[in-house]
Amino acid sequence: MSTQIDHLLNETRRFSPPDGFAAQAVGSADLYARAAEDREAFWADQARELHWHTPFTEVLDWSTPPFARWFGDGELNVAYNCLDRHVEAGHGDRVALLWEGEPGDERAITYAELTAEVSRLANVLEGLGVGEGDRVAIYLPMIPEAVAAMLAVARIGAIHSVVFGGFSADSLRSRIDDAGAKVVITADGGYRKGKVSALKPAVDLALADRNGSGVQESVEHVIVVRRGGNDVDWTPGRDLWWHDVVPAAAPTHEARPFPAETPLFILYTSGTTGKPKGILHTSGGYLTQAAFTNRVVHDIHPETDVYWCTADVGWITGHTYVTYGPLANGATQVLYEGTPDAPHPGRWWEIIQKYGVTVFYTAPTAIRSFMKIGRQVPQGFDLSSLRVLGSVGEPINPEAWVWYRDIIGAERTPIVDTWWQTETGAMMISALPGVTETKPGAAQVALPGITIDVVDDDGEHVGTGNGGLLVVTEPWPSMLRGIWGDPERFVETYWEKFADRGFYFAGDGARLDEDGDIWLLGRVDDVMNVSGHRLSTAEIESALVAHEATAEAAVVGASDETTGQAVVAFVILKQSYLDRHSAEGLATTLRAWVGEQIGPIARPRDIYIVGELPKTRSGKIMRRLLRDVAEGREVGDTTTLADTMVMSTIQAKITTK
Ligand code: 6R9
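What you are looking at is a predicted structure, and each value in this text was computed from that prediction instead of being measured.

(A) Examining the sheet that holds strand β18 (residues 359–362) more closely. Strands sit in the order β5-β4-β17-β16-β18-β19-β20 across an open sheet of 7 strands; the sheet is mixed. Edge positions in the open sheet fall to β5 (106–110) and β20 (415–418), since each of these has one partner strand only. The average undirected angle you get between the axes of adjacent strands in this sheet is 20 degrees. Taken together, the 4 bridges between β18 and strand β19 (residues 388–392) define a ladder with parallel strand orientation.

See the structure below:
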């Protein structure tokens, strides 16, 4: 990678924290010093910000790596920490959730009300025989009941498995089966893009008899929230309406203490093979790091901030930065049911204006789609309440970073680009908004208490100015504790590669700049080798989107007889550009542009102009499918795409070219 002429590293813009920010910030430079002095004592201090029914005396037990135990002899109740504790501290009237339905209906739910609702549901679940260690699948739209359901399951020591509401019946079934869920909590339907999208039929299908091939036997009950008002089939005895059972239950429920290592949830994520992995997280360490990172990276002041993380609770960002982190911190947050463009393209900005959102956390793919529509849409709203902007999910290219800061953040707000994974449970690499001088496109520094390195294939530190593999060198509180039912795969996937050193292998490529700051370069399976030169997809994509004509780009390495791999780019053009120019000849222009930006080696062999890119429901581009197209293969499994039609459209375009 040393031969790589790095477009990203030519980024020289720097942004200091705004005047006065540091003085009021929750996080300070001192945190790094304290963590460096005694890492375990540092995490113990963070853990003590929570309420422990039984205080811990052990911090970390790493005697049987890679199986960690944090705060192992302590006992706590996760839901108590997110709810009752705030009510008992006199904040029962503080709004926990400012919920906005897609059609514009709204609900404000206080900490006292959410505590009562969660208690009722906890009583219902216990009445149905759900107890410690049992699994409950949650398949809901973004409605307050989704957050309440997670907390009710946590409150009774059971384990939730949230399945994104956009997943198919098949995906739901395999997740219910793998976890052996006893109860499913769902809704009739929810609002998406102006229409009711049904959910209950997928649950019915997932639980249906499979011609003797193993009837779904683990699920005893399905609790159904009425949201969409759509007609549903009903299985008497199995199905229960939320509005029948929950309001009838007692609004108090004793939050019993559970050991810190009590499993909290399983969340399925796709790996390099076909079968999704059930990532397992436990209670005390997870909640400690979730709350700490939300507090210092988002700079949460619970009395005054209105926080909004746009992620769905169906993926890890929604778990850690919608449900657990902000509620553990007693914050007030916005929860929005729908899509960013329904019923109009300014919907998100309208919500920020309406609720006076101060801290906003979203994904680069969303930012780029807003760039594509144009700045006039957000400029039509008052966004002056915003003071911290966050990014998560993929590398954010410098152009999107700067646009985010300038157009959404009024050239003023700090941007925190946060690197982490389902597996890490919480943020690992990010700027601190009152401390770090930020660099557009770089996640930059390991958070206090987190030890990250960039190493070569042998696990040797690469040194500044070099690229390599991102590793976590020491265990961290919110680390995954395993893959549900598959300890071997856990060891093999994350720990075998650097077994002799005990490093966690993240699967991401990264580079250290001259200051030692970390730049994420995308998954290592997305790193290409062209004529012996290593090139990153992220880097070429960044160069492509830096051209005025480009709205969005995805790059893959396709096998090539002469060069090993060749760069193939799929590009969406900006509407404003198409209005003024013809698309003809643009591929040539863009090829030359990339050559200028990065160097001739990075020039794409093929550039395809497309209307859309294949994305998962959490917004990640599925490069694997584009690689299939680029290499002329039949396109592989598309079931995790948000829109399964995209691939046929792209393929039709390419074969008729
Ligand atoms: C939280 C989340 C994890 C993968 C990760 C990496 C990519 C996430 C990133 C980022 C560059 C960032 N990723 N955040 N890459 N900069 N700030 O997204 O979890 O869905 O498990 O994805 O996403 O490649 O390995 P998950």
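(B) Just the site of the ligand, in detail. In the region of the ligand, 17 residues are neighbours, and Asp417, Thr418, Thr422, Asp508 and Arg523 sit closest. In the environment of the ligand, a nitrogen atom lies 3.1 Å from a nitrogen or oxygen atom belonging to the backbone of Gly393. Between the ligand and Gln421 there is a distance of 2.9 Å, counted from an oxygen atom to a side-chain nitrogen or oxygen. Contact with the protein chains covers 94% of the free accessible surface of the ligand, which is 530 Å². For the shell around the ligand, the elements supplying multiple residues, two or more each, are α12 (316–328), β20 and β25 (518–523). Grouping the amino acids of the shell around the ligand by side-chain chemistry returns 7 nonpolar, 5 polar and 5 charged.

(C) A look at the UniProt feature "modified residue: N6-acetyllysine" (unreviewed entry) in the protein. Sites flagged by UniProt as "modified residue: N6-acetyllysine" (unreviewed entry) map to Lys620. Its location among the elements puts Lys620 in the loop between β30 (606–609) and α20 (623–630). Setting aside residues no more than four positions away along its own chain, Lys620 makes contact with Trp315, Gly393, Pro614 and Lys615. One polar contact links the side chain of Lys620 to the main-chain carbonyl oxygen of Gly393, over a distance of 3.2 Å.

(D) Here's a closer look at the nonpolar core. Grouped together as the largest cluster of nonpolar side chains are 138 residues, with contacts concentrated most on Leu114, Leu121, Leu125, Ile185, Tyr324 and Leu470. If near-sequence neighbours (up to four positions away) are discounted, Leu121 is found in contact with Ala148, Ala149, Ala152, Ile185, Ile223, Trp242 and Val246. Counting 30 residues, the second-largest nonpolar core is a separate cluster that includes Tyr355, Ile367, Leu383 and Leu389.

(E) Inspection of the pairing of β5 at higher detail. Where strand β4 (residues 95–100) and β5 come together, 5 bridges link them in antiparallel fashion. Note that in β5 the partner of Leu98 across the bridge is Ala108. Connecting β4 to the antiparallel partner β5 that follows it, the hairpin turn spans 5 residues, and Gly104 within it adopts a positive phi of roughly 105 degrees.

(F) Focus on the pairing of strand β16 (residues 306–309). Burial along β16 is two-sided: Val306 and Trp308 and Tyr307 and Cys309, pointing in opposite directions, are all buried. Of the pairings in the sheet, the one linking β16 to strand β17 (residues 332–336) comprises 3 bridges and is parallel in character. Along β17, the bridge assignment pairs Tyr307 with Gln333. In terms of handedness, the path from β16 via α12 over to β17 forms a crossover that is right-handed.

(G) View of unusual backbone geometry. Here the amide bond leading from Pro65 into Pro66 is cis, since omega sits at 5 degrees, within 30 degrees of zero. Topologically, Pro66 is positioned in the loop between β1 (60–64) and β2 (67–70). In this model, Ala342 is joined to Pro343 through a cis peptide bond whose omega is 0 degrees. Along the chain, the position of Pro343 falls in the loop between β17 and α13 (347–355). The phi angle at Phe71 is positive, at roughly 55 degrees, despite the residue not being glycine.

(H) Inspection of the UniProt feature "binding site: ATP" (unreviewed entry) in the protein at higher detail. According to UniProt, the feature "binding site: ATP" (unreviewed entry) maps to Gly393, Glu394, Pro395, Asp417, Thr418, Trp419, Trp420, Gln421, Thr422, Asp508, Arg523 and Arg534 in the numbering used here. Inspection of the secondary structure assignment puts Trp419 in the loop between β20 and β21 (452–455). The buried category is assigned to Trp419, whose relative accessible area is 8%. When sequence neighbours within four positions are dropped, the list of residues in contact with Trp419 reads Thr424, Met427, Met428, Ile429, Ala443, Leu470, Ala506, Asp508 and Leu520. By the element assignment, Thr422 lies in the loop between β20 and β21. Thr422 gets classed as buried once you look at its relative accessible area, which sits at 13%. The contacts of Thr422, once residues within four sequence positions are left out, are Leu267, Thr269, Ile279, His281 and Ile316.

(I) A look at helix α5 (residues 84–91). Here α5 has its buried residues at Asp84, Arg85 and His86. Considering only its buried residues, α5 is in contact with α4 (78–82), α6 (111–127), α7 (144–155) and α12.

(J) Representation of the packing of aromatic side chains within the structure. Taken as a whole and judged by the stated rule, the model has 31 aromatic pairs. Consider the rings of Trp308 and Phe360, whose centres lie 5.3 Å apart with planes at 55 degrees: the pair is tilted. Remark: Phe360 occurs in strand β18 and Trp308 occurs in strand β16; sequence separation between them is 52 residues. Judged by its relative accessible area of 1%, Trp308 is buried. Through pairs of rings, three or more aromatic residues link up here, namely Trp62, Phe67, Trp476, Phe490, Tyr494, Trp495 and Tyr504. In this structure, Arg226 packs its charged tip against the face of Trp241, placed 5.2 Å from the ring centre. The aromatic ring of Phe505 is capped on one face by Lys497, whose charged end is 5.8 Å from the ring centroid.

(K) Broad picture of the side chain of Thr269. You can see Thr269 is positioned in strand β14 (residues 263–269). For Thr269, a relative accessible area of 16% translates into the label buried. Leaving out residues up to four positions away in the same chain, Thr269 has contacts with Pro276, Lys277, Ile279, Thr422 and Glu423.

(L) Molecular detail of the pattern of salt bridges. This structure, assessed with the given rule, holds 38 salt bridges. In this structure, Arg13 engages Glu11 in a salt bridge whose closest nitrogen and oxygen atoms are separated by 2.7 Å. Asp45 is the salt-bridge partner of Arg34, the closest N and O atoms lying 3.9 Å from each other. Taken together, the positions of Arg34 in helix α2 (residues 30–37) and Asp45 in helix α3 (residues 39–47) put the pair 11 residues apart, joining distant regions of the chain. The exposure class of Asp45 is partly exposed, given its relative accessible area of 36%. Sharing partners across several salt bridges, the network here consists of Glu100, Glu106, Arg347, Glu350 and Lys354.

(M) Looking closely at the confidence of the model for the protein. Scored by pLDDT, the protein has a mean of 92; 95% of the residues are at 70 or more. Scored below 50 in pLDDT, residues 1–6 makes 18 contacts in the model with residues more than four places away or belonging to other chains. The ipTM, which scores confidence in the relative placement of chains, is 1.00 for this predicted complex, and the corresponding pTM is 0.86.

Procedures and definitions
- Residues numbered from 1 in each chain as written.
- Predicted model: local features only at pLDDT ≥ 70, side-chain atom pairs only at ≥ 80, totals over all residues.
- Heavy atoms only, no water.
- Pairing = 2+ DSSP bridges.
- Helix = DSSP H or I, 4+ residues; strand = E, 2+ residues; numbered from the N terminus.
- Axes fitted to C-alpha atoms, helices over the stretch in contact; angles between N-to-C directions.
- Near = heavy atom within 4 Å.
- Polar contact = N/O pair within 3.5 Å; in protein donor to acceptor, adjacent residues only side chain to side chain.
- Areas by Shrake-Rupley, 256 points an atom, 1.4 Å probe, with all protein chains shown as cover.
- Nonpolar A, V, L, I, M, F, W, Y, C, P; charged D, E, K, R; others polar.
- UniProt positions renumbered as here; feature names shortened; annotations may be inferred.
- Contact = heavy atoms within 4.5 Å.
- Core = buried A, V, L, I, M, F, W, Y, C linked by side-chain atoms within 4.5 Å.
- Buried < 20%, exposed > 50% of the residue type's maximum accessible area, 1.4 Å probe, protein only.
- Right-handed = clockwise from strand over helix to strand, strands pointing away.
- Phe/Tyr/Trp six-rings, centres within 6.5 Å; stacked < 30°, edge-to-face > 60°.
- Lys NZ or Arg CZ within 6 Å of the ring centre and 35° of its normal.
- Salt bridge = Lys/Arg side-chain N within 4 Å of Asp/Glu carboxyl O.
- pLDDT = per-residue confidence, 0-100.

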